[in-house]
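Listed here are the chains, written in short residue letters.
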2 protein chains.
Amino acid sequence: MQIIITGGAGFLGVRLARTLLARESLALRGATPQTIERITLTDRVAPPADLAADSRIAFVKGDLNQHLEADAAAAQSIWARAAIIFHLSAAVSGECEADFDLGLRSNIDATRALLQACRAAGSCPTVVFASSLAVFGNSAAQPLPPVIDDRTLPTPQNSYGIQKFIGEQLVADYGRKGFICARNVRLMTVSVRPGKPNGAASSFLSGMIREPLAGLRAVCPVSKDTAVALASPARTIEGLIRAAEAGDADWGARTAVNLPALTTTVGAMADALEKFGGKAAADLIRWEPDAAVANIVVNWPSVIDAGRARQLGLLPDPDFESIVIDHIRENPRLQTGKLT
Amino acid sequence: MQIIITGGAGFLGVRLARTLLARESLALRGATPQTIERITLTDRVAPPADLAADSRIAFVKGDLNQHLEADAAAAQSIWARAAIIFHLSAAVSGECEADFDLGLRSNIDATRALLQACRAAGSCPTVVFASSLAVFGNSAAQPLPPVIDDRTLPTPQNSYGIQKFIGEQLVADYGRKGFICARNVRLMTVSVRPGKPNGAASSFLSGMIREPLAGLRAVCPVSKDTAVALASPARTIEGLIRAAEAGDADWGARTAVNLPALTTTVGAMADALEKFGGKAAADLIRWEPDAAVANIVVNWPSVIDAGRARQLGLLPDPDFESIVIDHIRENPRLQTGKLT
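Residues numbered from 1 in each chain as written. Chains lettered and ligands numbered in written order. Predicted model: local features only at pLDDT ≥ 70, side-chain atom pairs only at ≥ 80, totals over all residues.

> I would appreciate a short explanation of the relation of the copies chain B and chain A in the present structure.
The two chain copies are connected by a rotation around an axis plus a translation along it. Superposing chain B onto chain A takes a rotation of 180° combined with a translation of 0.0 Å along the rotation axis, leaving an RMSD of 0.0 Å. Such a turn and shift between the copies fits a two-fold axis. Proximity to the rotation axis, assessed at the C-alpha, singles out Leu153 of chain B in chain B; its C-alpha lies 2.3 Å from the axis. Taken together, the interface assignments show that 100% of the residues at the interface of chain B recur at the interface of chain A, consistent with an identical surface on both copies. (Least-squares fit on C-alpha atoms with pLDDT ≥ 70 in both. Contact = placed C-beta atoms within 7 Å.)

In structure tokens form, the structure reads like this:
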């Protein structure tokens, strides 16, 4: 079995690849598990050394759009050999607000070109499309309901959310036409995301834990009572793999499945940081309200009734403390006060 | 005031142009009414003689995509001078199912190119986008609720519906960015549509009235108890103009407004035909079930709670008999038994 992960050198792509390599096999859409022979990562930056060193990993470097324009029609293209494509690559929310054309190109054009490549391949691969909670935007003219479920009308209030929602529609219709097998999955805000801050408005929701635990300062641009819906990296990867492994009948409609999310507050996150990282870590958070970021974040939904995910056996993280503990366990070199 | 109507030689475009010319002015988004100086119709076929003869009508012949590619960036393009664009042109449902690429090009690419032309013009025109009831598709995996309202999640089950729904998202986001003023309007199935049958699966819902009243045979491919949601041409045009005239606060969210629809059955439509066209007309309907068409039609919603439209003063036709009477009055040369 051959697998492609777009955005494969990003943090989710890397974690997904490592998880798949460790599992060694995948039961595609309820079928008998098959050995994973190759995972091709596409990205603009190289994957980490452990992945690069694994003989099952291939790497296609460069801009995904350019690659698809150049190579998609080739009979022996990677798209023609892949049984599963996890489409994770995207321009993130902050980038898309700053550069409208970049968002159109990276999030709509690339997705459509990828789907066209699958259609040209003619092998009906399974496409797991990483959509986002960002499809749900609150506005004065059309407030979101207090609880989001799988039938809630998305009303995106930023270009990233619009573009992800358009991606879902394209994936659904290419699926309906039989060009692919469609798996639309809405990822929740991931915390604690490893690595560095990025252009996403949600970046601080990882940074406010990750940086202090590493002895670095972090800025929290929203107030402590801000409610947020989060999922750990492990639960997020679990959701992506479940999407690939669920049988068609179990998965259900081609519209998107909301992954589960823990509802917590930024204050409770800071408390968990202090509990396991000590007061010194908590003191590294600078509470510095930023109206622009706060305005984005408070308009995200914070309570998700992830009914379809629950039917698939996917549950939210039990509490934010367990997310902090996982992060510390996965990063043993962190200087933490309480947990070693 | 300059206005563009894409698909301006189609039946809705022609009727809209005639209605606007007769009104002579338009109160754009709640502003003081302004005289309509020019209406530019874009289409692949020429408009009828009465429009062509009106000095206020301009005509841009050809493929909309090609026109936009060639001309949109020009500083003096029609897009830079238009205060309002009614974007009606589209490939219809049957065409899009038969030719997937045609649908992508005519319904997604053209809409995006039009929005880019507006953005390039920099004048923030009002774009009234004619979306469709077809965004609501029923499926076994995700049945539609019995009543559709403005917050119902669209789950399109054909490419036309997907493409219209994507168009709504693009219009909403270009509106949010301030590139246009967005007016997303979902048109109901129009009956009685003048002209000839087209590739739309809904074509028979006009043909079964129009053809017999003109002494011609018509095929009805669904059973008499099939419930349908319909709007007359007059109500449809009223909705499009209201979208342009409603102030921003009255209009509300950039997500689509469902226009009102009369819920009736195909059998009741045939009864109304017989009442005003006589038994001879009713006998011209050949009841010939077509599973492919029936499967599309029964999965369309038939009960619409058009709350936002109602707030804007838009109401459904009172009954199908009044729709038949309107059609006969508007087509005085019809040979009808009862109404002259």
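> Whenever I open this one, the packing of helix H7 (residues 159–176) of chain A against helix H7 (residues 159–176) of chain B confuses me. Can you help?
When two helices pack together, their arrangement is given by the angle between their axes and by how far apart the axes lie. Packing of H7 of chain A against H7 of chain B brings their axes to within 10 Å, and their N-to-C directions diverge by 175°. One finds that H7 of chain A runs roughly antiparallel with respect to H7 of chain B. Of the residues in H7 of chain B, those touching H7 of chain A at Ser159, Ile162, Phe165, Ile166, Gln169, Ala172 and Asp173 of chain A are Ser159, Ile162, Phe165, Ile166, Gln169, Ala172 and Asp173 of chain B. Among the residues forming the contact of H7 of chain A with H7 of chain B, the class breakdown is eight nonpolar, four polar and two charged. (Axes fitted to C-alpha atoms, helices over the stretch in contact; angles between N-to-C directions. Helix = DSSP H or I, 4+ residues; strand = E, 2+ residues; numbered from the N terminus. Parallel < 35°, antiparallel > 145°, perpendicular 65-115°, else oblique. Nonpolar A, V, L, I, M, F, W, Y, C, P; charged D, E, K, R; others polar.)

> Quick question: what am I supposed to make of the interface of chain B and chain A here?
Taken residue by residue, the interface counts 21 residues in chain B and 21 residues in chain A. Top contributing element to the side of chain B that touches chain A by residue count: H7 of chain B, with eight residues. When its residues are assigned to classes, the side of chain B that touches chain A shows eight nonpolar, nine polar and four charged.

> Explain unusual backbone geometry to me, please; I cannot follow it from the model alone.
For residues besides glycine, phi is generally negative; the peptide bonds are generally trans as well. All names here are of chain A. Here the amide bond leading from Ser191 into Val192 is cis, since omega sits at 10°, within 30 degrees of zero. Its location among the elements puts Val192 in the loop between strand E9 (189–190) and helix H8 (204–213). Located in the positive-phi region is Glu24, a residue other than glycine, with phi close to 75°. Mapped onto the fold, Glu24 is located in the loop between helix H1 (11–23) and strand E2 (25–26).

> Explain the packing of helix H11 (residues 266–282) of chain B against helix H14 (residues 320–330) of chain B here, please?
Residue and element names in this part refer to chain B. At their nearest, the axes of H11 and H14 sit 9 Å apart, and the two run at 45° to each other. If you check the angle between H11 and H14, you find them oblique. By crossing handedness, the relation of H11 to H14 is classed as right-handed. Of the residues in H14, those touching H11 at Ala268, Met269, Ala272, Leu273, Lys275 and Phe276 are Phe320, Glu321, Val324, Ile325 and Ile328. In terms of residue class, the contact of H11 with H14 is built from nine nonpolar, no polar and two charged. (Left-handed = near helix turned anticlockwise from the far one by under 90°.)

> Even after reading the chapter, I still don't get the pairing of strand E11 (residues 227–231) of chain B, so can you show me in this structure?
Within a regular strand, the side chains alternate between the two sheet faces. Residues and elements named next belong to chain B. Of all five residues in E11, four are buried; the element is thus mostly enclosed. Two elements, strand E9 (residues 189–190) and E11, share two bridges in a ladder whose sense is parallel. By the bridge assignment, Thr189 is partnered in E11 with Leu230. Direction of pairing for E11 relative to strand E13 (residues 262–265): antiparallel, over a ladder of four bridges. Following the sheet pairing, Leu230 is matched in E13 by Leu262. (Buried ≥ 20, exposed ≤ 12 C-beta atoms within 10 Å, placed from the backbone. Pairing = 2+ DSSP bridges.)

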